[in-house]
Amino acid sequence: MTENFSIRNYLRDLKLPFCPGCGIFTIMNSFLRAVHELGCEDLSKFVFCSGIGCSSWIPSPYFVADSVHTPHGRSIPVATGIKLLRPKLNVVVFGGDGDIVGIGMSHFIHAARRNLDILVIMVNNMVYGMTGGQVAPTTPFKAKTTTTPYGSFEQPLDSAKLAVAAGACYSARWTTAHPNQLKESIKKAIQMKGFRFIEVVSQCPTAYGRRAGFKNIGEMLKWFKEKAIPIRQAEKMSEKEIERRIVIGEFVQRRRPTIGENVYAMIKEAQVNAR
Amino acid sequence: MKLPKPDTYFWQGNQACAEAAIVGGCRFFAGYPITPASEIAEHMAKRLPQVGGIAIQMEDEMSSIGAVIGASWAGAKAMTATSGPGFSLMQEFIGYAFMTETPCVIVDAQRTGPSTGQATKCGQGDVMQSRWGTHGDYSAIVLSPNSVQEMFALTIKAFNLAEKYRTPVILLSDETIAHMREQITVPQIESIGTINRRKPKLKENAFFGLKEIPPMPAVGEGFNVAVTGSTHDEHGIRFTADPLAHRKLVGRLNNKIRNHVGEISDFEDYNTEDCRIGVISYGCTSRAIYEAVEKAGAKGIKVGSIRLKTVWPFPDKIVRKLAEKADKIIVPEMNLGQIYYEVERASKGLAEVIPVNKIGGGELITPEELLNKILKEAGKND
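Residues numbered from 1 in each chain as written. Chains lettered and ligands numbered in written order. Predicted model: local features only at pLDDT ≥ 70, side-chain atom pairs only at ≥ 80, totals over all residues.

Colleague: Looking at this structure, how should I read the overall build of chain B?
Modeller: The helix and strand inventory of chain B stands at 13 helices and 16 strands. Over its C-alpha atoms, taken along the principal directions, chain B stretches across nearly 75 × 45 × 40 Å. With 382 residues in all, chain B has 55% of them scored as buried. For chain B, restricting intrachain contacts to residue pairs at least 6 apart in sequence, the fraction spanning at least 24 positions comes to 76%. (Helix = DSSP H or I, 4+ residues; strand = E, 2+ residues; numbered from the N terminus. Buried ≥ 20, exposed ≤ 12 C-beta atoms within 10 Å, placed from the backbone. Contact = placed C-beta atoms within 7 Å.)

Colleague: Explanation requested: the domain arrangement of chain B in the structure shown.
Modeller: Often, the extent of an interface is quoted as the loss of accessible area on bringing the components together. Residue and element names in this part refer to chain B. Structurally, chain B comprises domain 1 (7–191) and domain 2 (268–377). Here the C-alpha centre of domain 2 lies 26 Å away from the C-alpha centre of domain 1. Top contributing element to the side of domain 1 that touches domain 2 by residue count: helix H5 (residues 127–132), with 4 residues. Tallied by class, residues from the side of domain 1 that touches domain 2 come to 10 nonpolar, 10 polar and 4 charged. (Domains from an automatic or database assignment. Nonpolar A, V, L, I, M, F, W, Y, C, P; charged D, E, K, R; others polar.)

Colleague: Looking at this structure, how should I read the sheet that holds strand S13 (residues 303–308) of chain B?
Modeller: Hydrogen bonds between backbone atoms are what pair the strands of a sheet, whose relative direction is either parallel or antiparallel. Residue and element names in this part refer to chain B. The sheet built from 5 strands is open, its strands ordered S11-S13-S12-S15-S16 with mixed pairing. Of all strands in the sheet, those with a lone pairing partner are strand S11 (267–270) and strand S16 (352–357), marking the two edges. Recorded for the sheet is a direction-independent mean angle of 20 degrees between the axes of neighbouring strands. In this sheet, S16 lies alongside strand S15 (residues 328–333) in parallel orientation, the contact comprising 6 bridges. Each bridged residue has a counterpart across the sheet, and for Ile329 the counterpart in S16 is Val353. This element, helix H13 (residues 367–377), spans strand S12 (277–282), S13, S15 and S16 of the sheet and lies at about 160 degrees to S15. (Pairing = 2+ DSSP bridges. Axes fitted to C-alpha atoms, helices over the stretch in contact; angles between N-to-C directions.)

Colleague: What is the right way to look at the environment of Lys211 of chain B in this model?
Modeller: Residues and elements named next belong to chain B. One can find Lys211 in the loop between strand S9 (181–186) and strand S10 (226–228). We classify Lys211 as partly exposed; it has 13 C-beta atoms within 10 Å. Considering only alpha carbons, one finds Lys211 and Arg252, 41 residues apart in sequence, at a separation of 9.1 Å.

Colleague: Can you walk me through helix H6 (residues 179–191) of chain A in this structure?
Modeller: Count 3.6 residues to each turn of an α-helix, and residues three or four apart come out pointing the same way. Residues and elements named next belong to chain A. Along its 13 residues, H6 runs 19 Å from first to last C-alpha, staying within 8% of the 18 Å computed at 1.5 Å per residue. Restricting attention to buried positions, one finds in H6 the residues Leu182, Lys183, Ser185, Ile186 and Ala189. The arc that holds the buried residues of H6, viewed along the axis, is 165 degrees, so those residues lie on one side. Summarising the geometry of H6, the exposed residues directed more than 90 degrees from the buried face are Asn180 and Gln191. Of the surrounding elements, those touching the buried residues of H6 are helix H1 (24–37), strand S4 (118–124), strand S7 (170–175) and strand S8 (196–201). (Expected span 1.5 Å × (residues − 1). Arc of directions from axis to C-beta.)

As structure tokens, this is what we get:
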């Protein structure tokens, strides 16, 4: 099946706007390969929602699909309305770290709490890339950005763990140096129910890499590979030991009733009682 | 299905709004608690499931209108309800709904601001915000009811205008109309006209242009619709730098409202035939005019009134016509002067425009206060 994969089948005939070496290419590829390997020849069973930022441009308008490109941080609320009304559609949210766990963090937590049946793929480039490289909630401690020229004085957020605490049915983290694991994880998540979250640590050579001291994209990917530790291994390590490492793998897999299931059961009951 | 039976009821304004929304076809509501709009959410939470719809309380006002916009793109008529503070938070998405041509209804039950102000008290301070609240060049449709009965009618009208013009419509209520209980007659449902958005034909693919009001597909219908708040062409493809693309899109979006002011405008003309003094009012404040106009008339003063049911787009021609007849136009408002400036602009110096303003504590402008003002302006305040 993988042999006849052509990414062009899923994309509009438009020039992609991403910088050379951007991690988005890997993520786009992994996602569409996953879709292809699940037997979807097109994206007609999907709806994509995204906010503002480079990674929000992954589906919009490049995917040949329904896509709703919303204001900054507000993709999940729009996805909520769509999914509740059209429960049969696969609703997938693409967004950056600033979009999903910066300005949109409250929506992210509440959607996980409600167990809204959507898949959120967060491209974590550790910086606000589209606006030129400002500090993000995910920027590593002491990393230099345009708004932290002396190094970040804040602690970064562990989004994958946050998703678990908020009630997600699936939470995983990978990097763009792990495209196969990422693809398999996406395949699994698409087939699951409930709130599903995949964080992909990704390179932004333009707005992050060069300021953080990386000479090229290869160095960034090497850094991801070296810093990555599987979650099983991390569980046996002290907090100090995993500091500044990237814990990869699946953080949770579980089944909980979704808000959609609960809402439609409630409607059924209310209609019977109203007669 | 369980729609309200045609009958006479004793309802609160907010309840009339909720029932009318259901009659008007609303099947999705998302909101966040706020005085004096919460009863709309409560009624919708009870009533929508009975008719197969969904009502959800979101985490804030931004997500409330966001979910409403999502529901609209999923094909449903959808509504949210809030008051000043929440209305401020919704402005970002109101601009988005305008830019993406997403029909939806936003109820703003006004209270006393700015900020938390006097949260349970009536005010009319959001009139300009309802017109200019979001950023960028846009045009708004804003309706203002002055009774429970009219709340019912204008809520349905709000949905119809939203669907017809593919744009967000604001129902500018206020604490008085929202919380007041009055007798209301629900007509035969079949007699109420409802409008639905035009759906695209099988091969249509321009959902954001070519026509003044393009057809609107829902997601999941196979149209591969690309919705974006960025400047886009008729296919939804972003053009973030091209000046012509922006002029074309934003020009059309504004013109589809500005070119139809006559059709959209709704007002009540009371005794303006040969009046020398005119009163222009809207919402709760307009309830004081009838008694004042009648009593002034009994004293031989030629006074008439125009009550705006559509506040925006502003009915320039109607105001201009009144200014041609009257020497003076009195504009009572529960703010420090908002529609007053519009009346002054539209009357082009043909009449003297006089504001009557009252804010704080939810105290309404009384018929006596208005009558005294009319008498004074007519030179009869002896």
